[in-house]
Amino acid sequence: MSRYAHPAGPRHADVLPEDNPPRPPRDLGELSAHVWPATARRGADGELVVGGVGARALAAEYGTPLFVMDEQDFRARARAYRTAFSDAEADVYYAGKALLTKAVARWVLEEGLKLDVCSGGELAVALAAGFPPERIGMHGNNKSEAELERAVEVGVGRIIVDSFDEIERLERIAARLDRVPRVLVRVTTGVEAHTHEFVATAHDDQKFGLALSTGAADEAVRRVLAAPHIELVGLHSHIGSQIFDTAGFDVAARRVAEFMVRVIAETGAQLPELDLGGGLGIAYVPDDTPLEPEAIAKSLLGIVRHECESHGLPMPRIAVEPGRALSGPAGVTLYEVGTVKDVEGIRTYVSVDGGMSDNIRTALYGAEYTCALASRTGSGAPMLSRLVGKHCESGDIIVHDLYLPADIRPGDLVAVAATGAYCFSMASNYNHLPRPALVAVADGAARTLVRRETEEDLLRLDIG
Ligand SMILES: Cc1ncc(COP(=O)(O)O)c(C=O)c1O
Ligand SMILES: N[C@@H](CCCC[NH3+])C(=O)O
């Protein structure tokens, strides 16, 4: 299961098949519907086709590794979230950290969502795409003077403040610019989310937010209320990422709603907005069972409604911030196989032309992925394999344990599913590998969203 079953981080390469044997699949060519993008299918000759475009044509035209986004799938997921929260005064902010390009920002806008950015760079992409600043929320635990200044100048809809230093900095900037930005205070609810420790964000001992338990959240609210150039409009809570059960979300929603009720009672402040963050898990492997947007909407809205009704308060405007849940399942990465090395009695190492520079998640979190032969279906018995990259690092593993057809060979294309979130956005140039292109596919056509980097691009930055 991809629920970060290995909390100590990356699994070690000494886990032999007999220690941890995965189940051989029934059919190596099968594309499990909830792991692959909605339009993925096998073409007549067995090739993987996404958005009506075949893997071989994509590789021939754009090269590999290649990030491929199924536009229809992304848009459908965005609409599903919009619809699930549509019977309440609610906003869905797409978390751009998962994947943000100008085209993606426009899809988000066209589907009626708002946008969460967490750096000056993400804000710049959104603005370049023509995303209306008032529909943007700005996050970050260490927003710089320049980032805050830009956010205030362009008039982002809300800034989520994350520290006392930031409150002081923002007040100073807003006073200088003679503006009054709207802010939410990010509250740490003390919830221990059931996910990898690197992506849990609501326990007290970490860098995000202001803790309820220590009184820091109360103090932050007092300071914002006392600052003449900042308008407090609400509270924010985010418990972590890749979460599958509603329990953690429910507890956090209850705690932050109770806090909201208390703040209103004690200070008389109006808190018209309550943002419950993102973090909804997706299926990386067939056994994963993600929550449906309706289930999460029903549960969260029910909790806040109950809390408000029992204190005679109006329902605040609710916001959620899914990132991975929209872009993750819509993306696949195409690679070309370069070498196939059988380590006798252990497993076969299949090396591809990318690796940890385009997908760091396996090394960083012990994440699991589903991979399939993409240029054809292959034949022969399922062969226990490990999909690895080309970096100078033995932890450069993309999929730890998988079965590939025994006749896999150099020149074949393989596809890794559910790579639309936190792969392109976390890509690096390790070993001076240029980062792959990102293309969108829809209705039988592909178009470049971000072009492939070249060695010249890398050399242009090296001006020593
Ligand atoms: C504040 C905030 N909102 C939203 C998200 C998006 O999370 P996810 O992509 O897991 O939905 C994150 C990342 O964890 C976050 O830190
Ligand atoms: N980048 C992480 C999650 C962090 C989300 C942002 N706070 C992942 O790939 O799972």
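Residues numbered from 1 in each chain as written. Chains lettered and ligands numbered in written order. Predicted model: local features only at pLDDT ≥ 70, side-chain atom pairs only at ≥ 80, totals over all residues. Heavy atoms only, no water.

Engineer: Before we go on, may I ask you to explain the pattern of salt bridges in this structure?
Structural biologist: One side chain can pair with another of opposite charge once the charged atoms of both are near each other. If you walk through the whole model with that rule in mind, you get 30 salt bridges. For Arg 79, the salt bridge is made with Glu 111, and the minimal N-O distance between the two is 3.1 Å. Remark: Glu 111 occurs in the loop between α3 (102-110) and β6 (114-117) and Arg 79 occurs in helix α2 (residues 71-84); sequence separation between them is 32 residues. Looking at Arg 79, the relative accessible area reads 40%, which means it is partly exposed. Between Lys 114 and Asp 91 there is a salt bridge; the shortest N-O distance is 3.4 Å. Here the residue Lys 114 occupies a position in strand β6, and Asp 91 occupies one in strand β5 (residues 90-95), the gap between them amounting to 23 residues. (Salt bridge = Lys/Arg side-chain N within 4 Å of Asp/Glu carboxyl O. Helix = DSSP H or I, 4+ residues; strand = E, 2+ residues; numbered from the N terminus. Buried < 20%, exposed > 50% of the residue type's maximum accessible area, 1.4 Å probe, protein only.)

Engineer: So what exactly am I meant to see when it comes to the site of ligand 1 here?
Structural biologist: Contacts to ligand 1 come from 16 residues, most closely from His 238, Ser 241, Glu 321, Arg 324 and Tyr 422. A distance of 2.7 Å is found between a nitrogen atom of ligand 1 and a side-chain nitrogen or oxygen belonging to Glu 321. In this structure, Tyr 422 approaches ligand 1 through a side-chain N or O atom, which is 2.7 Å from an oxygen atom. Coverage of ligand 1 by the protein amounts to 93% of the 400 Å² it exposes when considered alone. Residues belonging to the shell around ligand 1 are distributed by class as follows: four nonpolar, seven polar and five charged. (Near = heavy atom within 4 Å. Polar contact = N/O pair within 3.5 Å; in protein donor to acceptor, adjacent residues only side chain to side chain. Areas by Shrake-Rupley, 256 points an atom, 1.4 Å probe, with all protein chains shown as cover. Nonpolar A, V, L, I, M, F, W, Y, C, P; charged D, E, K, R; others polar.)

Engineer: Looking at this structure, I do not really get the nonpolar core. What am I missing?
Structural biologist: One recurring pattern in soluble globular proteins: nonpolar side chains tend to sit buried together. In terms of nonpolar packing, the biggest core is built from 107 residues, with Phe 85, Tyr 94, Ile 159, Val 185, Leu 235 and Leu 387 touching the most fellow members. Beyond its immediate chain neighbours, meaning those up to four positions away, Leu 235 contacts Leu 184, Val 185, Val 187, Val 221, Val 256, Phe 259, Met 260, Leu 271, Glu 273, Leu 274 and Asp 275. By size, the runner-up hydrophobic cluster in this structure holds 24 residues, among which are Leu 66, Ala 372, Leu 413 and Ala 437. (Core = buried A, V, L, I, M, F, W, Y, C linked by side-chain atoms within 4.5 Å. Contact = heavy atoms within 4.5 Å.)

Engineer: Looking at this structure, how should I read empty space enclosed by the protein?
Structural biologist: Vacant regions in the atomic arrangement are exposed by a probe of water-molecule size rolled over the atoms. Inspection of every chain in the model, using the stated rule, returns three cavities of 30 Å³ or more. Considering only enclosed or pocket space, the largest cavity measures out at about 40 Å³ in volume. Lining the largest cavity are Ser 237, Ile 239, Phe 249, Ala 252, Ala 253, Leu 276 and Leu 300. Per-element accounting of the lining of the largest cavity gives the leading share, three residues, to helix α8 (residues 246-267). (1 Å grid on protein atoms, 1.4 Å probe; cavity = no way out; pocket = protein on both sides within 12 Å on 5 of 7 lines; lining within 4 Å. Points joined across faces, edges and corners; volume = space filled by probe spheres on them.)

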